[in-house]
Amino acid sequence: MLNLDNVELVKKTDALGMLDLTMGYPKQFAEGLELAQKQFQAVPKAFDHVIILGTGGGSAASGNLLRSYLFDRMAVPLFVNQGYTVPRWVDAGTLAIVVSHSGNTEEILAATEQAVAQGAQVVALTAGGKLKAMAEEKSFATIEVPGGLMPRAALGYIFVPILHILEQYGLVEGCLKELDETIALFEELGKKWGPESPFDENLAKQIAAKLYRRVPVVYGSVPFTDSVAWRWKNQFGENSKVPAFWNAIPALHHDEIVGWDAEGAITGQFAVIFLKDKEDNEKIQKRIQITKQILSERASIAIEVETVGESRLARLFSLVCLGDFISCYLPILGGIDPTPVAIIDLFKQKMGQ
């Protein structure tokens, strides 16, 4: 197992710089807002619902994080759509925010065509490709963001512009005021969890070591940390190259929890991480503690992590940031670069045949 305090070796293993991208969140989130403000201005408009068309670690992750963040702040439904088609209710009263960082995601292009045919008002967010060309052809409002990086590491260029769009249309108010604290918190957490911070003082390195050669199971809770659990699961897949699973409290107590009574040693291969926040109500807090007590006797390890920060936006991204760092350190422990996604490239190659 590689020594995570050997900074030179860590950076050599992380040859394509995923840790650097994570450390760069403060600059990226500030730039994301600047780009959005320069490129998109709109007058408030009434919509019946908002649909975000996006797949994967950057676009759909941003949509889900927004769904949690705005759970009790939006008066209309916000739906994240990851497939080739859109629901029947999409119509002229729908704001469709279309996100494809590459601009070439086939599912999103197909879903966008259908959303247009059903009358939705479309705003596109992309770094180029076919989506940019479609937007120019059909005169969509567009926010163009920098390309050349993995979408999962582009949250600042995706989440922040979407939030700006929602504020411009009057669908939410005052949320971007929380961005200053979030950026400042990223700076602080980068110092605490970055590669220069020693193992004994670095929570991200410590958790990564505990997860080494185990299967992560991440449990959040509705309505706030469930989206973060989903993000962690995705990051373990793409960055860490390990299968991982997620679920949300209280729903998991009605079905999945029974699976932890599996015979044999299978449950001992799993490591459970519970995500907590100060907005969790008393019932959720009690459920987390009981679940941890039960699973501590079945899983190899059970870990609790809690948000830090004051505003909801800062707290949400404190957990996202921690998960991103952990997911980078975990493969590095085994000498693996977090950035390449060879099996996704193989899949795309076969789909194109």
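Because the structure is a prediction, the values reported are computed rather than measured. (Residues numbered from 1 in each chain as written. Predicted model: local features only at pLDDT ≥ 70, side-chain atom pairs only at ≥ 80, totals over all residues. Heavy atoms only, no water.)

**Q** Which residues make up the overall build of the protein, and what are the values?
**A** Tallying secondary structure elements over the protein gives 13 helices and nine strands in all. In summary, the protein has a C-alpha radius of gyration of 20 Å against a globular reference of 20 Å for 353 residues, a match within 12%. If one aligns the C-alpha atoms of the protein with their principal axes, the spans along those axes are about 55 × 45 × 45 Å. A buried classification covers 54% of the 353 residues belonging to the protein. Taking as baseline every contact in the protein between residues at least 6 positions apart, the subset at least 24 positions apart corresponds to 80%. (Helix = DSSP H or I, 4+ residues; strand = E, 2+ residues; numbered from the N terminus. Rg over C-alpha atoms; globule rule 2.2 N^0.38 Å. Buried < 20%, exposed > 50% of the residue type's maximum accessible area, 1.4 Å probe, protein only. Contact = heavy atoms within 4.5 Å.)

**Q** Give me the packing of aromatic side chains: which residues, what numbers.
**A** The full count for this structure, using the stated rule, is 15 aromatic pairs. Look at Phe-29 and Phe-317: their rings are 5.1 Å apart centre to centre, the planes differ by 80°, and that puts the pair in the edge-to-face class. You can see Phe-29 sitting in helix α3 (residues 25–39) and its partner Phe-317 sitting in helix α12 (residues 312–333), a full 288 residues away along the chain. Comparing Phe-29 with Phe-317, the two get one shared label, buried. Note on Phe-159 and Phe-317: the rings are 4.8 Å apart at their centroids and 85° apart in plane angle, and the pair reads as edge-to-face. Separated by 158 residues along the polypeptide, Phe-159 in helix α7 (residues 155–168) and Phe-317 in helix α12 bring together distant segments of the chain. This pair shows no difference in class: Phe-159 is buried, exactly as Phe-317 is. One aromatic cluster in this structure is built from Tyr-25, Phe-29, Tyr-69, Phe-159, Phe-186 and Phe-317. (Phe/Tyr/Trp six-rings, centres within 6.5 Å; stacked < 30°, edge-to-face > 60°.)

**Q** Hey, could you go over unusual backbone geometry for me, with residue numbers and the actual values?
**A** In this model, Val-222 is joined to Pro-223 through a cis peptide bond whose omega is 10°. Position of Pro-223 relative to the elements: it lies in the loop between β6 (215–221) and α10 (226–238). In this structure, Pro-250 follows Ile-249 across a cis peptide bond, with omega equal to 15°. Its location among the elements puts Pro-250 in the loop between β7 (245–249) and β8 (270–276).

**Q** Quick one: what's the story with the environment of Gly-54, residue by residue and with numbers?
**A** Turning to its location among the elements, Gly-54 is positioned in the loop between β1 (49–53) and α4 (59–69). When its relative accessible area of 0% is taken as the criterion, Gly-54 is described as buried. Distance in space between the C-alpha atoms of Gly-54 and Val-99 is 5.1 Å, their sequence separation being 45 residues. Each residue touching Gly-54, except ones within four places of it in the same chain, is listed here: Ser-59, Ala-60, Asn-81, Gln-82, Val-99 and Ile-108.

**Q** Run through the pattern of salt bridges, naming residues and quoting values.
**A** Going through the model one piece at a time under the given rule, you end up with 19 salt bridges. Between Lys-27 and Glu-31 there is a salt bridge, with the nearest N and O atoms lying 2.5 Å from each other. Of this pair, Lys-27 and Glu-31 both sit in helix α3, four residues apart, roughly one helical turn. Of the charged contacts in the structure, one is a salt bridge between Arg-312 and Glu-279, with a shortest N-O distance of 2.9 Å. On the criterion of sequence distance, the pair formed by Arg-312 in helix α12 and Glu-279 in the loop between β8 and α11 (282–295) is long-range, its members being 33 residues apart. (Salt bridge = Lys/Arg side-chain N within 4 Å of Asp/Glu carboxyl O.)

**Q** Describe α12, with residues and values.
**A** Taking 1.5 Å of rise per residue, the 22 residues of α12 would be expected to cover 32 Å, and the 32 Å separating its terminal C-alpha atoms lies within 8% of that figure. Of all 22 residues in α12, 22 are buried; the element is thus mostly enclosed. (Expected span 1.5 Å × (residues − 1).)

**Q** Explain the sheet that holds β1 residue by residue, including any values.
**A** One open sheet accounts for five strands, arranged β2-β1-β3-β4-β5; its pairing is parallel. For this open sheet the edge positions go to β2 (78–81) and β5 (141–144), each flanked by a neighbour on one side alone. Direction aside, the axes of adjacent strands within the sheet are offset by 20° on average. Sheet topology places β1 next to strand β3 (residues 94–100); five bridges connect them, and they run parallel. Directly across from Leu-53, in β3, lies its bridge partner Val-98. (Pairing = 2+ DSSP bridges. Axes fitted to C-alpha atoms, helices over the stretch in contact; angles between N-to-C directions.)

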